[in-house]
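Okay, here's what each chain looks like letter by letter:
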Amino acid sequence: MKLIEDLKWRYATKKFSNKRVEEGDLEKIIEAINLSASSVGIQPYRLVIIESPCLKKNLAEGSFNSQIAEASHLLVFAAFASIRKEDIDDYIGLMSETRDTPIEDLADFKNSISTYLLARTDSDNFIWSTKQAYIGLGTGLIAAADLKIDATPMEGFDAAKFDKLLGLEGKNLKSVVLLALGYRDEHNDGLAKLKKVRIPKQEFATMVN
Ligand SMILES: Cc1cc2nc3c(=O)[nH]c(=O)nc-3n(C[C@H](O)[C@H](O)[C@H](O)COP(=O)(O)O)c2cc1C
């Protein structure tokens with residue numbers, strides 16, 4: 001299985017070279033993330049992609065993660081701060097259009113997800129949206145590895161600062177996790193040649209019959 005080899009090849013890159021990720025590859029990674037599963041299918045997060053060296057430098061200031069500035073591209077996963085009635089309307093509208101199904105035929109589905117989502121607090125829905133964003137993060141890591149593009153998932157950043165600089169405030173979005181993309185600087189990244197540290201499979205997974 002090629003995927004296992006890809007996953008053994010990848011590591012959370014600390015030091016990127018200057019090599020740039022090509023547009024076509026970037027598009028594939030974005031498409032893979034967009035194809036990720038999400039609860040009820042509503043995709044309650046958005047991606048912000050940054051290439052500008054100046055903006056990456058500003059975002060990196062004060063963070064221990066130099067990859068924010070040094071990566072070719074920085075993907076910011078921004079989760080919905082709350083789930084609004086209009087978010088559900090948009091999703092149902094898209095489903096109707098995509099599947100050529102009359103809106104009225106989707107009324108039961110819409111009612112059931114509305115009851116479920118709108119009854120919860122904004123804070124609970126933000127946590128739930130964040131979980132969906134992390135599924136996308138996982139897909140992004142795998143897609144990058146498949147293309148032999150290096151990547152670093154990162155939680156070490158100032159989310160409030162990101163939200164401000166990226167203009168997410170007022171858009172019902174909050175940055176929750178990052179994915180830096182680029183190519184490893186093999187000579188200057190001490191982690192590049194180290195073995196992966198993983199607990200044995202038999203300890204990790206238990207088969208119950
Ligand atoms: C959600 C998440 C957040 C992480 N945050 C950071 C981070 O801020 N900086 C960093 O260098 N690595 C970060 N990592 C990378 C982990 O340290 C790394 O995945 C872990 O040590 C396993 O190593 P491997 O990914 O190289 O196999 C993060 C990983 C995940 C999944």
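Residues numbered from 1 in each chain as written. Predicted model: local features only at pLDDT ≥ 70, side-chain atom pairs only at ≥ 80, totals over all residues.

## A closer look at the domain arrangement of the chain
No. 1: If you check the domain split of the chain, you get domain 1 (2-81 + 130-204) and domain 2 (84-119).
No. 2: A straight line from the C-alpha centre of domain 1 to that of domain 2 covers 30 Å.
No. 3: Broken down by class, the residue content of the side of domain 1 that touches domain 2 amounts to three nonpolar, one polar and no charged. (Domains from an automatic or database assignment. Nonpolar A, V, L, I, M, F, W, Y, C, P; charged D, E, K, R; others polar.)

## Structural notes on the site of the ligand
No. 1: The environment of the ligand is formed by Tyr 11, Ala 12, Lys 14, Asn 65, Thr 152, Pro 153, Met 154, Glu 155, Gly 156, Val 177 and Lys 196.
No. 2: Considering only residue class, the shell around the ligand consists of five nonpolar, three polar and three charged. (Near = placed C-beta within 6 Å.)

## Some remarks on unusual backbone geometry
No. 1: Unusually for a residue other than glycine, Gln 43 sits at a positive phi of about 50 degrees.
No. 2: One can find Gln 43 in the loop between helix H2 (23-34) and strand E1 (45-50).
No. 3: With phi around 60 degrees, Asn 172 is a residue other than glycine that occupies positive phi space.
No. 4: The topology assignment puts Asn 172 in the loop between helix H8 (159-165) and strand E4 (173-182). (Helix = DSSP H or I, 4+ residues; strand = E, 2+ residues; numbered from the N terminus.)

## What to know about the packing of helix H5 (residues 85-99) against helix H6 (residues 107-118)
No. 1: For the pair H5 and H6, interaxial distance at closest approach is 11 Å and the crossing angle is 150 degrees. It follows from the interaxial angle that H5 and H6 lie roughly antiparallel. Seen from above, H5 lies across H6 with right-handed handedness. Here Lys 85, Ile 88 and Ile 92 of H5 lie close against H6, whose contacting residues are Lys 110, Ile 113, Ser 114, Leu 117 and Leu 118.
No. 2: Class assignment for the residues of the contact of H5 with H6 results in five nonpolar, one polar and two charged. (Axes fitted to C-alpha atoms, helices over the stretch in contact; angles between N-to-C directions. Parallel < 35°, antiparallel > 145°, perpendicular 65-115°, else oblique. Left-handed = near helix turned anticlockwise from the far one by under 90°. Contact = placed C-beta atoms within 7 Å.)

## Digging into the UniProt feature "domain: Nitroreductase" (unreviewed entry) in the chain
No. 1: As recorded in UniProt, the sites labelled "domain: Nitroreductase" (unreviewed entry) are residues 7-183.
No. 2: As annotated, residues 7-183 comprises 49% helix and 16% strand, and the C-alpha atoms at either end are separated by 16 Å. (UniProt positions renumbered as here; feature names shortened; annotations may be inferred.)

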